[in-house]
Amino acid sequence: MFTGIIEHIGTIQALDLNEDGGRVTLHAPSIAPSLAVSNSIAVNGCCLTIVDLHNGRLSADLSGETIRKTSFGAKGGELKKGARVNLEQPLTAGKEFGGHFVLGHVDTVGRATHLTPEGENWWFGVQVPAEFARYVVPKGSITIDGISLTVARWQNNIAEVAVIPYTYENTNIRDRKPGDAVNLEGDVLGKYIERYLESRKVSSESKLTIEDLVSQGF
């Protein structure tokens, strides 16, 4: 589990992809010494397992599902060699919880629409796929490329977040251009509520069906 508070930035040194999977290698000297093979790490919000460490570089295997669901395999605006990526280690017991619950399970890919300066801050907009829109709540949490952010504006399936100077300087948001693919993860609390309500609806419908059958003598 993660919090969406980005701790380090890495650079993609190699990216080998095919339909069934692939491997990414990152140059991340600021965090690599504190890692170990088999550790988990969030790369642009995608939880991966470290399979190799060497000279400030780390490698992780990518499943076919990961490639299809994330910006690693997006068509247009995808991650490429030389791109900077956000890195976060899993939450440890006793550590300050500064963001929100982030699982590192990317739901879908959105598209950056704009990065507009306003005074010392920026407005960052992301076009959200229709099937993900139900997880976007004004003033609620959203994870964009692994960053815990708050939805400040929501209109026409575009989520806008206010980016402060620290976030701009210490994440890869400053690299984003219109059309770039970004990883999105909805708030897990909302997903559990949705699932609970769906199960109650099914249960209610089943009960009504049984009662109808009984009333008809079945």
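Relevant structure appears above.
Right, let's get into the overall build of the chain. Secondary structure summary: the chain contains three helices and twelve strands in total. Each principal axis of the C-alpha atoms in the chain carries an extent, and together these give about 75 × 45 × 40 Å. Looking at the chain residue by residue over its 218 residues, the buried ones come to 40%. Summarising the internal contacts of the chain: among those between residues at least 6 apart in sequence, 68% fall at separations of at least 24. Accessible area of the chain: about 11800 Å², with a carbon and sulfur share of 53%.

Here we take up the sheet that holds strand S5 (residues 57–63). Read around the closed barrel, the six strands follow the order S1-S2-S5-S4-S3-S6; overall the barrel is antiparallel. Ignoring which end each strand starts from, the neighbouring axes of this sheet average 45° apart.

Okay, the side chain of Glu-160 next. Along the polypeptide, Glu-160 turns up in strand S11 (residues 158–163). According to the relative accessible area criterion, Glu-160 is buried, its value standing at 14%. Side chain to side chain, Glu-160 and His-114 meet in a polar contact 2.7 Å long. For Glu-160, the contacting residues outside a window of four places in its chain are His-114, Trp-123, Phe-124, Gly-125, Thr-150, Val-151, Ala-152 and Arg-153.

Moving on: the sheet that holds strand S8 (residues 121–127). The strand order around the closed barrel built from six strands is S7-S8-S11-S10-S9-S12, with neighbouring strands paired in antiparallel fashion. On average, each strand axis in the sheet is tilted by 45° relative to the strand beside it, whichever way the strands run. With three bridges joining them, strand S9 (residues 141–144) and strand S12 (residues 181–186) adopt antiparallel strand pairing. Bridging from a neighbouring strand, Ile-144 pairs with Leu-184 of S12.

Pairs can form between side chains of opposite charge once their charged atoms are near each other. Taken as a whole and assessed by the stated rule, the structure comprises six salt bridges. Note that Arg-84 and Asp-175 form a salt bridge whose closest N and O atoms lie 2.6 Å from each other. With Arg-84 in strand S6 (residues 84–88) and Asp-175 in the loop between helix H2 (165–170) and S12, this residue pair connects regions lying 91 residues apart in the sequence. Given a relative accessible area of 27%, Arg-84 falls into the partly exposed group.

So, on to a nonpolar patch on the surface. On the surface, Met-1, Phe-97, Phe-101 and Leu-189 cluster together to form a nonpolar patch covering roughly 370 Å² of accessible area. Within the fold, Phe-97 resides in the loop between S6 and strand S7 (108–118).

Further remarks concern the pairing of S12. In terms of residue burial, S12 counts as a mostly covered element, since six of its six residues are buried. Taking every second residue as pointing to the same face, both faces of S12 are buried, with Ala-181, Asn-183 and Glu-185 on one and Val-182, Leu-184 and Gly-186 on the other. As defined by bridge partners, S7 adjoins S12 across four bridges and the pair is classed as antiparallel. Bridge pairing links Thr-108 to Leu-184 in S12.

This part is about the pairing of strand S2 (residues 21–27). Here S2 lies mainly inside the structure; five of its seven residues are buried. Of the pairings in the sheet, the one linking strand S1 (residues 8–18) to S2 comprises seven bridges and is antiparallel in character. Bridge pairing in S2 places Asp-16 opposite Arg-23. Bridge analysis of S2 against S5 gives seven bridges, and the strand direction is antiparallel. Across the sheet, the residue bridging to His-27 is Arg-57, located in S5.

How each quantity is defined
- Residues numbered from 1 in each chain as written.
- Predicted model: local features only at pLDDT ≥ 70, side-chain atom pairs only at ≥ 80, totals over all residues.
- Heavy atoms only, no water.
- Helix = DSSP H or I, 4+ residues; strand = E, 2+ residues; numbered from the N terminus.
- Buried < 20%, exposed > 50% of the residue type's maximum accessible area, 1.4 Å probe, protein only.
- Contact = heavy atoms within 4.5 Å.
- Areas by Shrake-Rupley, 256 points an atom, 1.4 Å probe, with all protein chains shown as cover.
- Pairing = 2+ DSSP bridges.
- Axes fitted to C-alpha atoms, helices over the stretch in contact; angles between N-to-C directions.
- Polar contact = N/O pair within 3.5 Å; in protein donor to acceptor, adjacent residues only side chain to side chain.
- Salt bridge = Lys/Arg side-chain N within 4 Å of Asp/Glu carboxyl O.
- Patch = residues over 30% accessible without salt bridge, like charges linked within 9 Å, V, L, I, M, F, W, Y side chains within 5 Å.

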